[in-house]
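Residue-level structural notes
The chain contents come next:
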Amino acid sequence: MAASFSSSLRGCGALLVLLVAGAALSGCAGMSETIAPAFADPARYELYDCKQLQTERKALAKRTADLQRLMEKAETGAGGAVVSELAYRNDYIAVRGQSQLAEEAWRRNKCREMPEATPPAAEPPSPAGRPASISGKR
């Protein structure tokens, strides 16, 4: 009788530890939005103009999407949640912090989306498909 009571008490203790750990980890997931700026340099975007901010915002959005995709892929494997947290979470939080700071600078500078610059058109080929001579003689 005493052995079964001790065994059930041990099982309840283990369950309690798992519940507490789960609650603690779920709290960390919600904190990432408020902690993210702490992982980024707040003065980084102070001197950026709107064109630089637009380029940076796009790069940060791409990096965030890449990290999310990697985290989702890691979570599909055995022990994936742990791998995802250890391998990608810190980078993800840092990039999110940079994104938030870039967005704040974007709003502060009252920037607007500008169309991407198109590369210049290639020169048309010379007559008769021959390269033009430099000296003018053929």
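Parameters and conventions
Residues numbered from 1 in each chain as written. Predicted model: local features only at pLDDT ≥ 70, side-chain atom pairs only at ≥ 80, totals over all residues. Heavy atoms only, no water. Core = buried A, V, L, I, M, F, W, Y, C linked by side-chain atoms within 4.5 Å. Buried < 20%, exposed > 50% of the residue type's maximum accessible area, 1.4 Å probe, protein only. Helix = DSSP H or I, 4+ residues; strand = E, 2+ residues; numbered from the N terminus. Expected span 1.5 Å × (residues − 1). Contact = heavy atoms within 4.5 Å. Polar contact = N/O pair within 3.5 Å; in protein donor to acceptor, adjacent residues only side chain to side chain. Disulfide = S-S within 2.5 Å. Phe/Tyr/Trp six-rings, centres within 6.5 Å; stacked < 30°, edge-to-face > 60°. Bend = angle between axes of the 7 residues up to and from the residue.

Under an unreviewed UniProt entry, the name given to the protein is Twin-arginine translocation pathway signal, and the organism recorded is Bradyrhizobium diversitatis.

Ranked by internal contacts, the top residues of the largest apolar core, which has 13 residues, are Y45, L53 and L60. For this core, the secondary structure elements donating two or more residues are helix 2 (50-75) and helix 3 (80-108). A total of six residues in this core trace back to one element, the largest contributor, which is helix 3.

Right, let's get into helix 2. An ideal rise of 1.5 Å per residue puts 38 Å on 26 residues; helix 2 measures up with 37 Å between its terminal C-alpha atoms. Contacts from the buried residues of helix 2 go to helix 3. The N-capping residue of helix 2, defined by a side-chain oxygen 3.3 Å from the backbone nitrogen of K51, is D49.

Taken as a whole, this structure holds one disulfide when the rule is applied. Paired by a disulfide, C50 and C111 hold their sulfur atoms 2.0 Å apart. The sign of the S-S torsion, about -80°, decides the handedness of the disulfide formed by C50 and C111: left-handed. Taken together, the residues span a long stretch of sequence, with C50 in helix 2 and C111 in the segment after helix 3 at a distance of 61 residues. Since its relative accessible area comes to 9%, C111 is described here as buried.

Here the focus is the packing of aromatic side chains. Evaluated as defined, the whole model comprises one aromatic pair. Both rings, one in Y45 and one in Y48, keep their centres 5.0 Å apart while their planes meet at 85°; by these two values the pair is edge-to-face. On the accessibility criterion, Y45 (2% relative accessible area) is buried.

So, about helix 3. Taking 1.5 Å of rise per residue, 29 residues should cover 42 Å, and helix 3 covers 40 Å from first to last C-alpha, within 8% of that figure. Along helix 3, the sharpest kink reaches roughly 50°, centred on Y88. Positive backbone phi, approximately 55°, marks K110, located one or two places after helix 3.

Turning to its location among the elements, R57 is positioned in helix 2. The residues contacting R57, other than those within four sequence positions of it, are A102, E103, W106 and E113.

Next up on the list: the environment of V95. Mapped onto the elements, V95 comes out in helix 3. Here V95 is in contact with L60, R63, T64 and L67, once residues within four sequence places are set aside.

Before going further, it helps to spend a moment on unusual backbone geometry. One non-glycine residue, K110, lies in positive phi territory at about 55°. Tracing the backbone shows K110 in the segment after helix 3. Here K110 falls in the exposed class, since its relative accessible area comes to 69%.

Its place among the elements puts K73 in helix 2. Separated by eleven residues in sequence, K73 and S84 place their C-alpha atoms 8.4 Å apart.

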